[in-house]
Every structure is written in structure tokens, then in C-alpha cells.
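# Residue-level structural notes
Given next are the chains, with one letter for each unit.
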Amino acid sequence: MMINIFEKGFNYSQDGPGNRLVYHLSGCNMFCPWCSNPEGMEKGGRQYSTDEIIREIQSSAPMFFDGGGVTFTGGECTLQSEAVIEIINNLPEIDFCIESNAATKTFLSVAEKCNTVIVDYKSPCAEKLKKITGADISVVENNIRNILKTKKIHIRIPLIHSFNDDDDSLEKFIDFFNSLCGDFDIEILPYHEYGKEKWNRIGKEYSVSDGFVSKETIKKFIETLKANSIKVIKT
Ligand code: SF4
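Not measured: the values here are computed from a predicted model. (Residues numbered from 1 in each chain as written. Predicted model: local features only at pLDDT ≥ 70, side-chain atom pairs only at ≥ 80, totals over all residues. Heavy atoms only, no water.)

## Side note on the pattern of salt bridges
Scanning the entire structure with this criterion turns up 14 salt bridges. Across the pair K122 and D120 runs a salt bridge whose closest N-O atoms are separated by 2.7 Å. Of the two residues, K122 and D120, neither departs from the other in class, the shared state being buried. For K220, the salt bridge is made with D167, and the minimal N-O distance between the two is 2.7 Å. Taken together, the positions of K220 in helix α8 (residues 215–227) and D167 in helix α6 (residues 167–178) put the pair 53 residues apart, joining distant regions of the chain. (Salt bridge = Lys/Arg side-chain N within 4 Å of Asp/Glu carboxyl O. Buried < 20%, exposed > 50% of the residue type's maximum accessible area, 1.4 Å probe, protein only. Helix = DSSP H or I, 4+ residues; strand = E, 2+ residues; numbered from the N terminus.)

## Re the state of the cysteines
Here a disulfide denotes a covalent bond joining the sulfur atom of one cysteine to the sulfur atom of another. Taken as a whole, this structure holds zero disulfides when the rule is applied. Here C125 is not disulfide-linked; the sulfur of C32 is the nearest cysteine sulfur, at 15 Å. With relative accessibility at 11%, the residue C125 sits in the buried group. (Disulfide = S-S within 2.5 Å.)

## Some points on the side chain of T50
Relative to the elements of secondary structure, T50 occurs in helix α1 (residues 50–60). The buried category is assigned to T50, whose relative accessible area is 1%. The contacts of T50, once residues within four sequence positions are left out, are M1, A83, E86 and I87. (Contact = heavy atoms within 4.5 Å.)

## Considerations on unusual backbone geometry
Residues apart from glycine generally show negative phi values, whereas peptide bonds are mostly found in trans. Note that the residue after G74, namely G75, is joined by a cis bond; omega there is 5°. Its place among the elements puts G75 in the loop between β4 (69–73) and α2 (81–90). Phi is positive for S162, which is not a glycine, with a value near 65°. Residue placement: S162 occurs in the loop between β7 (153–159) and α6.

## Focus on α6
A turn of α-helix holds 3.6 residues, and therefore any two residues three or four places apart point the same way. Taking 1.5 Å of rise per residue, twelve residues should cover 16 Å, and α6 covers 16 Å from first to last C-alpha, within 8% of that figure. Among the residues of α6, S169, L170, F173, I174, F176 and F177 are the ones counted as buried. Summarising the axial view, the buried residues of α6 lie within an arc of 165°, below the 170-degree limit, and thus occupy one face. Looking at the buried positions of α6, the neighbouring elements they touch are α4 (126–133), α5 (137–147), β7, β8 (184–190) and α8. (Expected span 1.5 Å × (residues − 1). Arc of directions from axis to C-beta.)

## With respect to the site of the ligand
The ligand sits among C28, M30, C32, C35, M41, G75, N101 and K122. Most atoms of the ligand, that is more than half of them, are within 2 Å of grid points of the largest pocket. Split into classes, the residues belonging to the shell around the ligand amount to five nonpolar, two polar and one charged. (Near = heavy atom within 4 Å. 1 Å grid on protein atoms, 1.4 Å probe; cavity = no way out; pocket = protein on both sides within 12 Å on 5 of 7 lines; lining within 4 Å. Sits in = over half its atoms within 2 Å of the grid points. Nonpolar A, V, L, I, M, F, W, Y, C, P; charged D, E, K, R; others polar.)

In C-alpha cells form, the structure reads like this:
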């Protein structure tokens, strides 16, 4: 089986615990205008056989220190679920993590095989999420509810001005988190422009003009979530 990857390399603690071999899989079902890996939004990259990747992981195992292992991210890694599952099934001794937008029908089949599951929950407002990113909120929320039945998960909110940093969104974020059963924590990722140059380089227009969130708003989000008994962490 083949797998499309646009970037791979080691990273310490940013994409799951410990030292990890991180595979960025090509293709995404969403089109977030702030995406820091726009080159991975389309199916492209380089094709590898799953056997090649399995061998690479086996030979890299001595590097997986401090609880490390392998992370599949993207793009959206669960779009290539069959290849990812084949790799995981062949390496039962390896610690696997996914970073996912949780907006695919194949999310659960991959997530339930992983040791660490990191998902984005970008907006609690169905219309805004659909219009700005293309995602269907019911798919995201069902996936989060279902994976929480068997696993602890880590949920990231990319906090972006004029998208999800208003009081109404904050209230809805809290309503959703309080409706969840299971073990999870939240991380707030304030807007940055690390990917902006990449958009220009690949000839795409970067359309976010006012994404930065004030320090006061970040503090308000963290404190209000905590005041509502929601666990907020910083990685
Ligand atoms: S879901 Fe992630 S990879 Fe996909 S477009 Fe949005 S930010 Fe980029």
C-alpha cells in the first residue's frame, strides 16, 4: 500500500510525548485560512510504500526516548486511514500518536489504535466552522464524544481573532466541553503567522488580516475555562 507524505522528521515534545518521528501526511478535508502547512492541504507530496515506512520506524526506534514514538499529522492524517492502520498494526511495540482535525469519517478507526490522540476543536459555531474551514461540526463533535468513551484525549483550540475569540464562542466552547464525558484536557494555541510565508511561496493568497488575539482575551479564555472546571494545560 502507498502513503503520501509531504514532510517527515524528528521533533521533541511538540507533537506528542518525548522524541518523535513525525510524518506529515498530504491532503486535508478542511481549508483553514491560517493553516501553517498549506503545502499539505492538497494530496501530493512524495509517495512511499507502507513497508518502507515500517522499516524506517523500526530502524529509528532507538531515538524514541522520553516516552517518544511516531506521530501522524498533516494535512489530515486520517484521510489515509488504511495505510496508517496498516503501519500501526505491524508495529505493536511502538507508541503512536495522531494530530487530527477530527472532521473525517475515518477518524475513529485510526484514533482508537493510538496511544495519544490530539484533536483540534476550532469553533463551537456550526455555521462559522462550515463557512471558514469547510468542516461539519456534527462529525467533529461525534468523533470527540466517541473517542472519549475509550481514551483520554488532548483538545487544541487555535484561538483566532474574528473567528472564535468572542464571548459568544467562549460560552459555546464551555457548553460543549461541559457536555463531554471522559478524560480530556484543553490547550489554547493563540494565532500566529508561522505559515504565512509558505502561502506566498506556493503562490496562494494568505487571507487572514486580523487574526492576532490580545493577551487579555487569551487570559480570559484560560481563566473562564478553568473556572468552569475544565482542565487547561500548556505544552
Ligand atoms: S485542518 Fe489543519 S492541516 Fe487542515 S487546513 Fe486546517 S490547519 Fe491546515
